Every structure is written in structure tokens, then in C-alpha cells.
Amino acid sequence: MDFHTFKIGFDPRDKDQVFDYWNEIFANQKWAEGKFTALFEEKWAKWNGIQAVATSSWSGGAIACMEYFKLKGRKVLCPTNTFMATPLSVVKAGAEVIFADCNRADLCLSYDAVTDAAVS
């Protein structure tokens, strides 16, 4: 496969409908948390048979997961070699960050760090 020519195609028959949607978004100035976000969540939930929530970023998804699993007030293990969004999403969800070291060879959480955190 030639990745330099790869394209995601659209059916030309959908063009007018897609432009109508964009015109509605521009007219009501609601890109997020509006009709189309709710419609996406509704259709995704129906398709997958489970509740859905649309997020704009990884950290938004992480916060939604932590809220769903009711981690507020609990401790959450976080790797030391990560982006700031990781521990900040834990803090935003109302949980306590516990940093754990990672293995030098594979950059995954160290087994010893995880077990040490579990007993402390």
C-alpha cells in the first residue's frame, strides 16, 4: 500500500448534507456540546449498546473514565515518564496522584514500583 496516496473518501452524494450540517454549526456557533455532539453520543451508544461520551482530547477521556469509576478521593498510580496531562487529569478528577518509576528498558511501569505502591 502506498501511504503517500492514501485518502479517506467521502461519497459525493453526502456532500450537500455535510455542508448543511456545517452551515448549522456555523449559524448556531455550537461546535462542541451541541446538537451534533449529542447526536454522535446517541448513535455511538446505540451502535455499541453502551453509554457514550464524546471528548475533545485524551485528558478529557481520562477524566470521564475516572469519574465513571468513581476514583474521587482515591489514589491513582501514574508513571513518572508521562506528559503533564496524565497527573493533571487525575487531580482534576479529584484523585491523588501516586508516581511510580518505569523500567529503563521498556519505559513501562516497574512491577516493583506497582507492588510497592499497593502496600503503601
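In this text, all values refer to a predicted model and were calculated from it rather than measured experimentally. (Residues numbered from 1 in each chain as written. Predicted model: local features only at pLDDT ≥ 70, side-chain atom pairs only at ≥ 80, totals over all residues. Heavy atoms only, no water.)

> It is not clear to me how helix α1 (residues 15-28) should be interpreted in this structure. Could you clarify?
What sets the pattern is the α-helix's 3.6 residues per turn: residues three or four places apart point alike. Taking 1.5 Å as the rise per residue, α1 with 14 residues should run 20 Å; its terminal C-alpha atoms sit 20 Å apart, in good agreement. Looking at the residues trailing α1, positive phi occurs at Gln29, about 55°. (Helix = DSSP H or I, 4+ residues; strand = E, 2+ residues; numbered from the N terminus. Expected span 1.5 Å × (residues − 1).)

> Would you explain the nonpolar core in this entry?
Side chains that are nonpolar tend, in soluble globular proteins, to be buried together. Listed in full, the nine residues of the largest apolar core are Ala62, Met66, Leu71, Val76, Cys78, Val90, Ala93, Ala95 and Val97. Contributions of two or more residues to this core are made by α3 (58-68) and β1 (75-79). If sequence neighbours within four positions are ignored, Cys78 has contacts with Thr86, Pro87, Val97, Ile98, Phe99, Ala100 and Leu109. (Core = buried A, V, L, I, M, F, W, Y, C linked by side-chain atoms within 4.5 Å. Buried < 20%, exposed > 50% of the residue type's maximum accessible area, 1.4 Å probe, protein only. Contact = heavy atoms within 4.5 Å.)

> Honestly, the environment of Pro79 in this entry has me stumped. Any pointers?
Within the element layout of this structure, Pro79 appears in strand β1. Note on Pro79: relative accessible area 22%, which makes it partly exposed. Separated by 16 residues in sequence, Pro79 and Ile63 place their C-alpha atoms 17 Å apart. In contact with Pro79, not counting residues within four places along its chain, are Phe99, Ala100, Cys102 and Leu109.

> Hey, could you run me through the pairing of strand β2 (residues 96-100) in this one?
A regular strand places its side chains so that they alternate between the two faces of the sheet. Examined bridge by bridge, β1 and β2 share five bridges and lie parallel to one another. Bridge pairing links Pro79 to Ala100 in β2. (Pairing = 2+ DSSP bridges.)

> Whenever I open this one, the pattern of salt bridges confuses me. Can you help?
Side chains bearing opposite charge may pair, as long as their charged atoms lie close to each other. Inspection of the entire model under this criterion finds two salt bridges. Where Asp11 meets Arg13, a salt bridge forms, and the shortest distance between an N and an O atom there is 2.3 Å. Exposure remark for Arg13: the relative accessible area of 73% places this residue in the exposed category. Among the salt bridges present, the one from Lys35 reaches Glu24, with a minimum N-O distance of 3.1 Å. (Salt bridge = Lys/Arg side-chain N within 4 Å of Asp/Glu carboxyl O.)

> Can you help me understand the layout of surface pockets in this one?
Over the atoms rolls a probe the size of a water molecule, and its path tells where empty space is left. Empty space within the largest pocket amounts to approximately 450 Å³. The wall of the largest pocket is formed by 16 residues, among which Trp31, Ala32, Glu33, Thr37 and Ala54 lie closest to the centre. Looking at the lining of the largest pocket, the elements with two or more residues in it are α1, α2 (35-48) and α3. Class assignment for the residues of the lining of the largest pocket results in 10 nonpolar, four polar and two charged. A volume near 260 Å³ is recorded for the second largest pocket. Lining the second largest pocket we find Ile50, Gln51, Ala52, Val53, Gly61, Ala64, Cys65, Tyr68 and Phe69. Taken together, the residues of the lining of the second largest pocket sort by class into seven nonpolar, two polar and no charged. (1 Å grid on protein atoms, 1.4 Å probe; cavity = no way out; pocket = protein on both sides within 12 Å on 5 of 7 lines; lining within 4 Å. Points joined across faces, edges and corners; volume = space filled by probe spheres on them. Nonpolar A, V, L, I, M, F, W, Y, C, P; charged D, E, K, R; others polar.)

> Could you clarify how one ought to interpret α2 in this entry?
Here α2 is 14 residues long and its end C-alpha atoms lie 20 Å apart, about the 20 Å a rise of 1.5 Å per residue gives. Looking only at α2, the buried set comprises Phe36, Thr37 and Ala45. Once α2 finishes, Gly49 follows within two positions and takes phi at roughly 70°, a positive value.

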